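# Understanding the architecture of this molecule
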Amino acid sequence: MMAAQKRAVLGIDAAWTEQQPSGVALISDDGSGWRLVEVAASYEGLLREAGSQPIARHRGSVPDAAALLAVAEARAGCPVDMVAIDMPLSLQPIITRRPSDNMISTVYGARHASTHTPSATRPGKISDALRAGFAALGYPLATSAVEGRAIAEVYPHPALIELAAAERRLPYKASKVAKYWPGEPPTVRRQKLIEIWGQIISLLESRVQGVLAALPLPAPDARGYEMKAFEDMLDAVICAWVGAAILDGRARAYGDDISAIWVPVP
C-alpha cells in the first residue's frame with residue numbers, strides 16, 4: 001500500500017496595513033490527519049531561525065511570499081499546497097464591495113458575520129502585492145474548484161460559526177469586549193474572552209492536532225499587545241484549518257470568477 005502524499009497549508013491572518021503584524025500558521029497532513037507544525041504572531045516570527053531569541057513584541061512588515069513558502073516547506077517537510085489568507089483578494093483592483101462580500105453578508109449577515117467593506121486603500125496595494133507575489137510562484141487565486149497549488153481568501157467569522165454550529169458570530173475579538181459585555185467590569189470581560197478562546201481552541205484541536213499545546217491561553221493580566229498577538233495566532237490557525245477544508249473538498253466558495261471567500265461546509 002502506497003504511503004499518503006504529505007500535504008501542507010499555510011494560514012495567514014493578514015493585516016490590512018504594513019504597520020500591524022500578521023499571524024501565520026503552518027499545518028501538515030501525512031495521511032494520519034492534520035497537525036499544527038508552527039504558529040507565529042508575525043511574518044518575522046515564522047521566518048526567524050530556530051533557536052533564536054523569542055520576539056517580545058511583534059511588528060508589522062511587508063510579506064515576502066518566496067521566503068514564507070521556503071521556510072514553510074522546510075519545516076513541513078513538503079511543499080505548501082494551499083495558502084489560506086484572511087484578506088480581501090481579487091483578480092481585479094478592489095475599490096468597493098465585491099459580489100463575494102455581498103454573498104457572505106447575505107448568507108451570514110443575520111448571524112452577525114457580514115464582511116468589512118474593502119476599498120482602494122484598505123487593503124489596497126497590500127492585497128494586490130500579496131496575491132501577485134504568490135501567483136508569480138505558482139499559487140493562483142482560487143475562486144472555484146482547486147486544482148493544484150493555490151491561494152484562497154477565507155474569513156474566520158463564518159468559519160467559526162460552522163465549526164461551532166453557532167447561531168451567530170462568536171465574541172472572540174479582544175478589541176470588542178466592551179461591546180460584547182457592556183455591563184461587566186473589565187476583569188470579567190477579559191475572563192469571558194479567554195473562556196471563548198479556550199472553547200475555540202478545543203474545537204480546532206478536534207480538526208488540527210497540536211493546537212491546544214501550541215496556544216496556551218494568556219494570563220488574565222496579560223498586556224494588550226500580548227492578547228492581540230494571541231488572537232492573531234488563533235486567527236491564523238483558523239485560516240489554515242479552512243485551507244485544509246478546501247483541500248479536503250469540505251468548503252464552499254462564495255463569489256464569482258474574480259473573487260471568492262471560502263467557508264467550510266457544515
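Reference entry: report on the structure contained in this document. Every value quoted in this text rests on a predicted model; they were computed, and no experiment measured them. (Residues numbered from 1 in each chain as written. Predicted model: local features only at pLDDT ≥ 70, side-chain atom pairs only at ≥ 80, totals over all residues. Heavy atoms only, no water.)

Further remarks concern the packing of helix α7 (residues 186–205) against helix α9 (residues 224–247). Orientation of α7 relative to α9, taken along the N-to-C sense of each, is 25 degrees, at an axis distance of 11 Å. With respect to each other, α7 and α9 are oriented roughly parallel. The way α7 lies across α9 gives a crossing that is left-handed. Of the residues in α9, those in contact with Arg190, Leu193, Ile194, Trp197, Ile200, Ile201 and Leu204 of α7 are Met227, Phe230, Glu231, Leu234, Val237, Ile238 and Trp241. Residue composition of the contact of α7 with α9, by class: 12 nonpolar, no polar and two charged. (Axes fitted to C-alpha atoms, helices over the stretch in contact; angles between N-to-C directions. Helix = DSSP H or I, 4+ residues; strand = E, 2+ residues; numbered from the N terminus. Parallel < 35°, antiparallel > 145°, perpendicular 65-115°, else oblique. Left-handed = near helix turned anticlockwise from the far one by under 90°. Contact = heavy atoms within 4.5 Å. Nonpolar A, V, L, I, M, F, W, Y, C, P; charged D, E, K, R; others polar.)

Before going further, it helps to examine the nonpolar core. In this structure, Tyr172, Ile200, Leu204, Leu215, Leu234 and Ile238 are the most contacted members of the largest nonpolar core, which totals 51 residues. With near-sequence residues (within four places) excluded, leucine 204 lies in contact with Leu163, Val211, Leu234, Val237, Ile238 and Trp241. Counting residues in each nonpolar core, the second largest holds 28 residues, with Val83, Ile85, Ile126 and Leu141 among its members. (Core = buried A, V, L, I, M, F, W, Y, C linked by side-chain atoms within 4.5 Å. Buried < 20%, exposed > 50% of the residue type's maximum accessible area, 1.4 Å probe, protein only.)

All right, on to the sheet that holds strand β2 (residues 23–29) then. With mixed pairing, the seven strands of this open sheet are ordered in space as β3-β2-β1-β4-β5-β7-β6. If you trace the sheet from one side to the other, it starts and ends with β3 (34–40) and β6 (251–255), each paired once. The average undirected angle you get between the axes of adjacent strands in this sheet is 30 degrees. Pairing between β6 and strand β7 (residues 260–264): five bridges, direction antiparallel. Looking across to β7, one finds that arginine 252 is bridged to valine 263. Each of β1 (7–13), β4 (82–85) and β5 (150–154) touches helix α4 (residues 125–135); the most contacted strand, β4, lies at about 175 degrees to it. In the packing of α9 onto the sheet, contacts are made with β1, β2, β3, β4, β5, β6 and β7, and the angle to β1 comes to roughly 140 degrees. (Pairing = 2+ DSSP bridges.)

Another aspect to go through is the packing of aromatic side chains. Scanning the model with the defined rule gives four aromatic pairs in all. Each ring, one from phenylalanine 134 and one from tyrosine 139, has its centre 6.4 Å from the other, and the planes form 75 degrees; the classification is edge-to-face. The exposure classification of phenylalanine 134 matches that of tyrosine 139, with both residues buried. Consider the rings of tyrosine 180 and tryptophan 181, whose centres lie 5.4 Å apart with planes at 70 degrees: the pair is edge-to-face. Across the pair, exposure class does not vary: tyrosine 180 and tryptophan 181 are buried alike. (Phe/Tyr/Trp six-rings, centres within 6.5 Å; stacked < 30°, edge-to-face > 60°.)

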